[in-house]
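# Observations on the three-dimensional arrangement
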Amino acid sequence: MNQFDLTGKTALVTGASYGIGFAIAKALGQAGARIVFNDRKPDLIEKGVAAYKELGIEAHGYNCDVTDEAAVGAMVARIRQEVGVIDILVNNAGIIKRIPMCEMAAADFRQVIDIDLTGPFIVAKAVIPGMIEKGGGKIINICSMMSELGRETVSAYAAAKGGLKMLTRNIASEYGQYNIQCNGIGPGYIATPQTAPLREVQPDGSRHPFDQFILAKTPANRWGEAEDLGGPAVFLASAASDFVNGHILYVDGGILAYIGKQP
Ligand code: NAP
Ligand code: GCO
């Protein structure tokens, strides 16, 4: 028996028309799962479906904002009718705002918490009853280095991702008895549109100072690629991790183990 086989499973990956969500959904699809994803922009859904199709994966895309509880409930009901009960949920959709804390409006802080922390709560809450009915399920929350570490300008993001780590442990605590495993993946610094401003090549052709800083902090001496998260996601979505619950798997090229390159 292949413990990593996801054949027959339905996986919802939020915010997966590109970036980390796309790479994770691709890996789950290649392991046999039926892929369902959402985005809040209809044109991105179309592009996403086409990109999956090119890889030979038939994905179903839904227009839904993860902060809208009624819309999420309606989407989960539609997925159940059109595709099946959700066996695997990956809470991936997220944003960041890089603003010094004392200059940040409370409205901006709230929006980050709303999407990055309340969103996963809303989506998990909508899928858990179906998982209980079916006898089990897997929830993977996409956390961050900022679930453990702080840095200048990302107060709201760190608060949300630290909260998401604890929401992960709490879902594991509350629903483990129903054979639901809820774990997190904590990506290191990954080259996606979210981190593009931190990697911009400088006018003189040199690497962005933040880019150089990350290389010096990462034993692997490179940025992660979204594809680096595929294997860990398949593991946490599959029977191979049936006794792993409430764990955060950091996929960071060693950042959290390292003090940083000496000058
Ligand atoms: P990205 O390139 O900015 O993609 C984020 C995705 O989330 C987009 O598809 C976006 O859709 C979607 N999204 C945002 N708000 C949404 C909402 N309210 N409802 C539905 N979808 C929404 O980011 P990424 O780098 O792939 O990051 C994906 C996740 O990994 C995020 O949770 C992020 O915090 C986390 N992460 C990223 C890194 C990294 O280094 N890149 C590291 C650690 C953790 P739209 O296009 O419609 O906005
Ligand atoms: C930042 C980055 C990070 C990463 C990631 C690290 O500004 O520091 O955007 O927060 O995206 O979450 O794990």
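Residues numbered from 1 in each chain as written. Chains lettered and ligands numbered in written order. Predicted model: local features only at pLDDT ≥ 70, side-chain atom pairs only at ≥ 80, totals over all residues. Heavy atoms only, no water.

Of all 8 residues making up strand β6 (residues 180-187), 8 are buried, and the element is well covered by its neighbours. Side-chain alternation along β6 places I180, C182, G184 and G186 on one buried face and Q181, N183, I185 and P187 on a second face that is also buried. As paired elements, strand β5 (residues 137-142) and β6 share 6 bridges and run parallel to each other. If you follow I140 over to β6, its bridge partner there is N183. Assessed by its sense of winding, the connection that carries the chain from β5 through helix α5 (residues 155-175) to β6 is right-handed. The pairing of β6 with strand β7 (residues 248-251) spans 4 bridges and is classified as parallel. Within β7, the position partnered with G184 by the bridge is I248. (Buried < 20%, exposed > 50% of the residue type's maximum accessible area, 1.4 Å probe, protein only. Helix = DSSP H or I, 4+ residues; strand = E, 2+ residues; numbered from the N terminus. Pairing = 2+ DSSP bridges. Right-handed = clockwise from strand over helix to strand, strands pointing away.)

Let us now look at the pairing of strand β3 (residues 59-63). In terms of strand pairing, strand β2 (residues 34-39) meets β3 through 5 bridges, oriented parallel. Residue N38 lies in a different strand from β3, and its bridge partner there is Y62. Following the backbone out of β2, through helix α2 (residues 42-54) and into the adjacent parallel β3, one traces a crossover that is right-handed.

Before going further, it helps to examine the site of ligand 2. Near ligand 2 lie 14 residues; those nearest to it are R98, S144, Y157, Y189 and Q194. At a separation of 2.7 Å, an oxygen atom of ligand 2 approaches a polar side-chain atom of S144. (Near = heavy atom within 4 Å. Polar contact = N/O pair within 3.5 Å; in protein donor to acceptor, adjacent residues only side chain to side chain.)

Enumeration according to the criterion identifies 10 salt bridges in this entry. One salt bridge connects E82 with R78, and the closest N-O pair in it is separated by 3.1 Å. Highlighted residues: E82 and R78, both in helix α3 (residues 69-82), separated by 4 residues, approximately one helical turn. Here E82 falls in the partly exposed class, since its relative accessible area comes to 45%. (Salt bridge = Lys/Arg side-chain N within 4 Å of Asp/Glu carboxyl O.)

As a further point, take the side chain of D211. As for its placement among the helices and strands, D211 is situated in helix α6 (residues 209-217). Since its relative accessible area comes to 5%, D211 is described here as buried. Excluding residues within four positions of it along the chain, D211 makes contact with L198, R199 and W223. (Contact = heavy atoms within 4.5 Å.)

None of the figures reported here should be taken as evidence of function without further support.
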